[in-house]
Amino acid sequence: MLLQFPGRLDLVRECLGHAALCPSLWPSLLSAIEDVLPGVEARLECVDRDVARRSFHAHRALSVANRREPLFGVGDWLIERHVGLTPGTLFRIGEWDCLAPHDWDAPGDVAGTGLVLHDCAQQVWLLTITVSRQERSRFLPAVVTLLQKMSDELVNAFVVSHTLGSPDQPHQSVIETAWDEVNTPVMLLGHDLSIVAMNMEADDLSRTARYFAPSAGRTHLSAALIDDETRLEAAVARIVHAGLTSTKVTLRGKGRSDSLSIRLRAAGSPDWRRQFAPEVEVAPAVLALFDAVA
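Just so we're clear, the structure is a prediction, and the values are computed from it rather than from any experiment.

(A) Structural context of helix H1 (residues 9–19). Those residues of H1 that sit buried are Leu 9, Val 12, Leu 16, Gly 17 and Ala 19. Down the axis of H1, the sector holding all buried residues measures 155°, keeping them to one side. More than 90 degrees from the buried face of H1, the exposed residues found are Asp 10 and Glu 14.

Written as structure tokens, this is what we have:
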């Protein structure tokens, strides 16, 4: 299993890039993990933060993401620093005080490993991968290998896909790095067509004079034709102001160019934004996915 697994990481990584676009695409990523390791169950779980804190009983935590040294408390966790909830921490299912891969035992009929994806004021989000206790020695080493190799990417993909438009939204560089794994042009647009972030494919596309007007700073997306600009503005407004979940718009472009199709969808998770304030439930930004142009 360990010899075969590393060569198949690309199957998961491809789905991971798309999962960074939208929360609705995470099931495809979980299915890819299960396809690569038949017999495991991959789940995205949300745990009440107070419950999660009470579940950390032991005396140390090791962050897999940034390879920090174990941190010790005196007789208990350094609760004020929430060490054990650090995104990227790898833990053993059922016993948060035992970090994988040192011991595979877990209570009940399953064994497994989990990865802390995000810790916010109300919730802790986890990626868990479990197997039957009979299969733990066969699968868990490969599960730990996957989570160790991809912990940074998994954490960033979760944050980018879920927190857009909320106070937790990451820096532009984090968004663009996660989206660079996507092989089609992707942009994050503000209500006024300001460019919040874009991947390398979208950067190249935005310079195409057939569809877009040149801009020195390229801080805004401006269509080359007025009619195209009007259609694009109206489509974005339907999502930002009217609460539409998704829509599609077509830019005709200059001359005899092929049309450029753009799929627009509300960015981030409305459930995530709702926990901060009801008024930001509607997406303040729009995810734009372009059909690639030859």
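(B) Seen up close, the packing of aromatic side chains. Taken as a whole and assessed by the stated rule, the structure comprises four aromatic pairs. Here Trp 26 and Phe 158 contribute two aromatic rings whose centre-to-centre distance is 5.8 Å and whose plane-to-plane angle is 80°, an arrangement assigned as edge-to-face. Here Phe 158 lies in helix H4 (residues 136–163) and Trp 26 lies in helix H2 (residues 26–36), a separation of 132 residues in the sequence. In this structure Trp 26 comes out as buried when scored by relative accessible area, which is 1%. A connected cluster of aromatic rings, assembled from ring pairs, spans Trp 26, Trp 125 and Phe 158.

(C) Structural detail: the sheet that holds strand E11 (residues 285–290). Spatially, the five strands line up as an open sheet ordered E8-E7-E11-E10-E9, and their pairing is antiparallel. At either margin of the open sheet sits one strand with a lone partner, and together these are strand E8 (195–198) and strand E9 (246–251). Sheet twist, expressed as the average angle between the axes of neighbouring strands with direction ignored, equals 25°. Sheet topology note: the strand E10 (residues 260–266)/E11 ladder contains five bridges and is antiparallel. By the bridge assignment, Ile 262 is partnered in E11 with Phe 290. Contacting strand E7 (186–190), E8 and E11, helix H5 (residues 172–179) crosses the sheet at an angle of about 40° to E8. The strands touched by helix H7 (residues 226–240) within the sheet are E7, E9, E10 and E11, with E9 carrying the most contacts at an inclination of about 175°.

(D) Highlighting the pattern of salt bridges. Going through the model one piece at a time under the given rule, you end up with four salt bridges. Arg 13 is paired through a salt bridge with Asp 10; the nearest N and O atoms lie 3.8 Å apart. Placement of the pair is Arg 13 and Asp 10 together in helix H1, with a separation of three residues, close to one helical turn. The exposure class of Arg 13 is partly exposed, given its relative accessible area of 22%. What makes Asp 10 exposed here is its relative accessible area of 55%. Each of Asp 10, Arg 13 and Glu 153 takes part in a single network of salt bridges with overlapping partners.

Cut-offs applied
- Residues numbered from 1 in each chain as written.
- Predicted model: local features only at pLDDT ≥ 70, side-chain atom pairs only at ≥ 80, totals over all residues.
- Heavy atoms only, no water.
- Buried < 20%, exposed > 50% of the residue type's maximum accessible area, 1.4 Å probe, protein only.
- Helix = DSSP H or I, 4+ residues; strand = E, 2+ residues; numbered from the N terminus.
- Arc of directions from axis to C-beta.
- Phe/Tyr/Trp six-rings, centres within 6.5 Å; stacked < 30°, edge-to-face > 60°.
- Pairing = 2+ DSSP bridges.
- Axes fitted to C-alpha atoms, helices over the stretch in contact; angles between N-to-C directions.
- Contact = heavy atoms within 4.5 Å.
- Salt bridge = Lys/Arg side-chain N within 4 Å of Asp/Glu carboxyl O.

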